[in-house]
Amino acid sequence: MIRVQNLVKRFGDFEAVKDISFQVERGEIFAFLGPNGAGKTTTIKMLTTLLKPTSGSVEIDGLNPASAQNEVRKRFGIVFQDPSLDTELTAYENMEIHAVLYHVPRALRIERTERLMKLFELWDRRNDPAKTFSGGMKRRLEIARSMLHTPRIIFLDEPTLGLDPQSRNQLWTHVKHLNETERVTVFLTTHYMEEAERVAQRIAIIDHGGIIALGSSAELKQQTGTETLEEAFLKLTGSAIRDESASSADALRQMAKMWSPKR
Amino acid sequence: MSVIYILWLREVKRYFRSRAQIVASLGQPVLYLIAFGFGMGPIFQKAGYGSYRQFMAPGIIGMSVLFMSIFSGISLLFDRQFGFLKETLVAPVPRLQIMLGRTLGSATSAMVQGSLVFAVCLIAGFRPVNFATVPIAFCFMAMIAIMFTALGTAIGSLLTDMQGFQLIMNFLVMPIFFLSGALYPLKNLPRAFAFVTGLDPLSYGVDGLRTVLTGSSAFGLTTDAVVIGCITVLFISVGTYFFSKIQL
Ligand SMILES: Nc1ncnc2c1ncn2[C@@H]1O[C@H](COP(=O)(O)OP(=O)(O)OP(=O)(O)O)[C@@H](O)[C@H]1O
Ligand SMILES: [Mg+2]
């Protein structure tokens, strides 16, 4: 379903993704684990048409995201690591825009919106502007939205960021359910090892832009001679903390907030 | 529902929900009307040009449409910063449709803003020579709005931070306003200066409004409409091109 070969992304002199190759089969749940700044989000952006690779090839369902952009876009749903809602609009309006952008027929749109909003416990607040939501509620709305158009592949970039244990559980239960009943392919990143262990069939450990290990949780533990995935992860990536100062985008967002009381 | 419609609706909803901002952005035109209307009025009258308030009202309407359109266009920058842009960029729709939806929505808001300023002008004592031609004035407002929203979107696609925004305001938007003949007649100007004002797209917009509302014209209505039409097509093409090149 996803085939990546010798993928490279450079920002100026800095190589964020260094020559990675991997495949994700149809109906598989695949996890990317890696320290901050490892290149997980950058890889997802290249898989989802948001960023052009410097070199290497990507195939999504046999299609090239660089040339068959809209065909590829139809096939996936995504929960971004960073916020992506229009917070001036209500939760329901955010869902509605998404459905129209993905050409979901009206009747289906109404039915699915209600079902997903109920599932993620947002239905009662559907007519409130998203800016009045707590962080976790916004996250749940983004998750519900990403599933609205029944995508065949779901990209989840740290979807559980800021979610309470109940919501996290709800999310993974639903993701597993979709995967089992509809054979939806899932590509996820997370910093919670137990989540990866619970849902992912295969895990890639990525560090400094390169994949350093790939296999099932059991395989990774065996490879490193460790008891838990967390230990395996630390053994593979070292225990040094990654010196990721706040990215320039974060700094900008701060600025924008200062300058514009409105949005 | 079509993609263009839903994106249009989003812009319009956002505009109408920001009441404080609507009121705030009426302040500037009111200030211009009062300060220049009373301050310059007597000299203008003595020079034999008639009532300055009559003269400047179309210019002030043009100004508010200009500011509002460019600002809405550039608000693409806010969408980028607050993340909603990603949501539209991964959607399986042609970039031209996204661009058109946004542009038409922002332009609609700018037109509503222009109409409010028109009403303010009427309250301040401005009188169109002929009420029958007022609808044509609204057509010109719409054209100015679409033209500059498209320009704003093009710029917004290129900008990645707020510093750039200030730069554009000072070195593009203000010159467009001051060189447009919104505040002074474009006749009998020094040649070089007249040439520059002729390059300013807003000159034709304001002239169109002024021709329809007060009967005095510098370029002629047909020229105004044709020039604006061509520049609008150009700006939309350029805007769509830059928009389609955005990477995050
Ligand atoms: N637009 C950009 N310009 C320059 N450098 C960038 C850009 N985007 C990402 N990077 C850099 O590329 C590297 C990988 O970033 P990426 O966001 O992919 O990390 P990540 O694995 O998702 O990390 P995290 O767990 O913190 O989300 C980082 O060092 C980051 O600073
Ligand atoms: Mg990331």
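All values derive from a computational prediction rather than experimental measurement. (Residues numbered from 1 in each chain as written. Chains lettered and ligands numbered in written order. Predicted model: local features only at pLDDT ≥ 70, side-chain atom pairs only at ≥ 80, totals over all residues. Heavy atoms only, no water.)

## Considerations on the nonpolar core
And step 1. In this structure, I2, F22, L141, M147, F155, F187 and I203 of chain A are the most contacted members of the largest nonpolar core, which totals 87 residues.
And step 2. Looking at which element gives the most residues to this core, the answer is helix 3 (residues 91-101) of chain A, with six residues.
And step 3. Sequence-distant contacts of I2 of chain A, that is, excluding residues within four places in its chain, are made with F22, Q23, V24, L47, E59, I60, I153, F155 and F187 of chain A.
And step 4. If you look at the next biggest cluster of nonpolar residues, it comprises 59 residues, including A57, I61, L66 and F235 of chain B. (Core = buried A, V, L, I, M, F, W, Y, C linked by side-chain atoms within 4.5 Å. Buried < 20%, exposed > 50% of the residue type's maximum accessible area, 1.4 Å probe, protein only. Helix = DSSP H or I, 4+ residues; strand = E, 2+ residues; numbered from the N terminus. Contact = heavy atoms within 4.5 Å.)

## Describing the sheet that holds strand 7 (residues 185-189) of chain A
Within a beta sheet, neighbouring strands are joined by backbone hydrogen bonds and run either parallel or antiparallel to one another.
Residue and element names in this part refer to chain A.
And step 1. Read from one edge to the other, the open sheet built from six strands follows the order 5-6-7-3-8-9, with strand pairing classed as mixed. Because the sheet does not close on itself, it has two edges, and the strands there are strand 5 (76-79) and strand 9 (210-215). Each adjacent strand pair in this sheet contributes to an overall mean axis angle of 15 degrees, direction not counted.
And step 2. Strand contacts of helix 5 (residues 135-146): strand 5 and strand 6 (153-157), with the helix running at about 175 degrees to strand 5, the strand carrying the most contacts.
And step 3. In the packing of helix 8 (residues 217-224) onto the sheet, the strands contacted are strand 8 (202-207) and strand 9, and the crossing angle to strand 9 comes to about 110 degrees. (Pairing = 2+ DSSP bridges. Axes fitted to C-alpha atoms, helices over the stretch in contact; angles between N-to-C directions.)

## Focus: the pattern of salt bridges
Residues and elements named next belong to chain A.
And step 1. Throughout the structure, instances matching the rule amount to 23 salt bridges over all chains.
And step 2. For the salt bridge of R10 with E15, the shortest nitrogen-to-oxygen distance reads 3.6 Å.
And step 3. E15 gets classed as partly exposed once you look at its relative accessible area, which sits at 26%.
And step 4. We note a salt bridge from R26 to D61, for which the minimum N-O separation is 3.2 Å. With R26 in the loop between strand 2 (14-24) and strand 3 (29-33) and D61 in the loop between strand 4 (55-60) and helix 2 (69-75), the pair connects residues that are 35 residues apart, well separated along the chain.
And step 5. You can call R26 partly exposed: its relative accessible area is 41%. (Salt bridge = Lys/Arg side-chain N within 4 Å of Asp/Glu carboxyl O.)

## With respect to the interface of chain B and chain A
And step 1. Taken together, the contact between chain B and chain A spans 34 residues of the former and 41 residues of the latter.
And step 2. Buried area between chain B and chain A, both sides added, is near 3,500 Å², and the carbon and sulfur share of it is 62%.
And step 3. Counting every contact that joins chain B to chain A gives five salt bridges.
And step 4. Counting the contacts that link chain B with chain A gives 11 residue pairs in polar contact (both at pLDDT 80 or more).
And step 5. Listing elements by their share of the side of chain B that touches chain A, those giving two or more residues are helix 1 (3-17), helix 4 (76-82), helix 5 (84-89) and helix 8 (162-178) of chain B.
And step 6. Top element by residues in the side of chain B that touches chain A is helix 1 of chain B. It accounts for seven residues.
And step 7. The residue inventory of the side of chain B that touches chain A, partitioned by class, reads 16 nonpolar, 10 polar and eight charged. (Buried area = accessible area lost by both parts, 1.4 Å probe. Polar contact = N/O pair within 3.5 Å; in protein donor to acceptor, adjacent residues only side chain to side chain. Nonpolar A, V, L, I, M, F, W, Y, C, P; charged D, E, K, R; others polar.)

## Overview of the site of ligand 1
Residue and element names in this part refer to chain A.
And step 1. Of all residues adjacent to ligand 1, which total 14 residues, the nearest are G37, K40, T41, T42 and Q81.
And step 2. A distance of 2.6 Å is found between an oxygen atom of ligand 1 and a side-chain nitrogen or oxygen belonging to T42.
And step 3. A distance of 2.9 Å is found between an oxygen atom of ligand 1 and a side-chain nitrogen or oxygen belonging to H191.
And step 4. Taken by itself ligand 1 offers 640 Å² of open surface, and the protein chains cover 69% of this.
And step 5. Looking at the shell around ligand 1, the elements that each hand over two or more residues are strand 2 and helix 1 (40-47).
And step 6. Looking at the shell around ligand 1 element by element, the count peaks at three residues for helix 1.
And step 7. Looking at the shell around ligand 1 residue by residue, the class counts come to four nonpolar, seven polar and three charged. (Near = heavy atom within 4 Å. Areas by Shrake-Rupley, 256 points an atom, 1.4 Å probe, with all protein chains shown as cover.)

## Describing the sheet that holds strand 1 (residues 2-11) of chain A
All names here are of chain A.
And step 1. Pairing within the open sheet is antiparallel, and its three strands lie in the order 2-1-4. Taken across any chain shown, the strands that pair with only one partner, and hence form the sheet edges, are strand 2 and strand 4. The average angle at which neighbouring strand axes cross in this sheet is 20 degrees, direction not considered.
And step 2. Sheet topology places strand 1 next to strand 2; seven bridges connect them, and they run antiparallel. The partner of R10 across the bridge, within strand 2, is E15.
And step 3. The strands touched by helix 1 are strand 1, strand 2 and strand 4; relative to strand 1, the strand with the most contacts, the crossing angle is about 115 degrees.

## A look at the coordination of the magnesium ion (ligand 2)
Between any two of four tetrahedral donors, the ideal angle at the metal is 109.5 degrees; between two of six octahedral donors, it is 90 or 180 degrees.
Residue and element names in this part refer to chain A.
And step 1. Summarising the metal site, the magnesium ion (ligand 2) is bound by the protein donors T41 (OG1) and Q81 (OE1), whose distances to it range over 1.8 to 1.9 Å. In this pair, T41 sits in helix 1 while Q81 sits in the loop between strand 5 and helix 3, placing the two residues 40 residues apart along the sequence.
And step 2. Exposure remark for T41: the relative accessible area of 24% places this residue in the partly exposed category.
And step 3. The exposure class of Q81 is partly exposed, given its relative accessible area of 26%. (Donors = N, O, S within 2.8 Å, 3.2 Å for Na, K, Ca; no water.)

## Concerning helix 6 (residues 165-182) of chain A
Each full turn of the α-helix corresponds to 3.6 residues, which orients residues three or four apart in the same direction.
And step 1. Between its terminal C-alpha atoms helix 6 of chain A stretches 25 Å, which fits the 26 Å expected from 18 residues at 1.5 Å a residue.
And step 2. Positive backbone phi, at 55 degrees, marks R183 of chain A, one or two positions downstream of helix 6 of chain A. (Expected span 1.5 Å × (residues − 1).)

## Focus on the side chain of S180 of chain B
Residue and element names in this part refer to chain B.
And step 1. As for its placement among the helices and strands, S180 is situated in the loop between helix 8 and helix 9 (191-199).
And step 2. On the basis of relative accessible area, S180 is assigned to the buried category, the value being 0%.
And step 3. In contact with S180, not counting residues within four places along its chain, are L186, D200, L202, S203 and V206.

## Quick word on the packing of helix 3 (residues 52-74) of chain B against helix 8 of chain B
All names here are of chain B.
And step 1. Interhelical geometry of helix 3 versus helix 8 gives an angle of 155 degrees and a closest axis separation of 11 Å. Put simply, helix 3 runs roughly antiparallel to helix 8. Two packed elements cross with a definite hand, and for helix 3 against helix 8 that hand is right-handed. Along the contact surface, helix 3 presents M63, L66, F67, I70, F71 and I74, while helix 8 presents F165, I168, V173, M174, I176 and F177. (Parallel < 35°, antiparallel > 145°, perpendicular 65-115°, else oblique. Left-handed = near helix turned anticlockwise from the far one by under 90°.)

## With respect to the packing of aromatic side chains
And step 1. For the coordinates displayed, the defined rule picks out 27 aromatic pairs over all chains.
And step 2. When the centroid spacing of 5.5 Å and the interplanar angle of 20 degrees are considered together, the rings of Y32 of chain B and F36 of chain B count as stacked. Highlighted residues: Y32 of chain B and F36 of chain B, both in helix 2 (residues 19-46), separated by four residues, approximately one helical turn.
And step 3. Using a relative accessible area of 27% as the deciding quantity, one classes F36 of chain B as partly exposed.
And step 4. Through a chain of ring-to-ring contacts, three or more aromatic side chains come together here, namely F22, F30, F32, F76, F155 and F187 of chain A.
And step 5. Between R126 of chain A and the ring centre of W123 of chain A, over which it is positioned, the NZ or CZ distance is 4.0 Å.
And step 6. The cationic tip of R168 of chain A hangs over the ring face of Y192 of chain A; the distance from NZ or CZ to the ring centre is 4.7 Å. (Phe/Tyr/Trp six-rings, centres within 6.5 Å; stacked < 30°, edge-to-face > 60°. Lys NZ or Arg CZ within 6 Å of the ring centre and 35° of its normal.)

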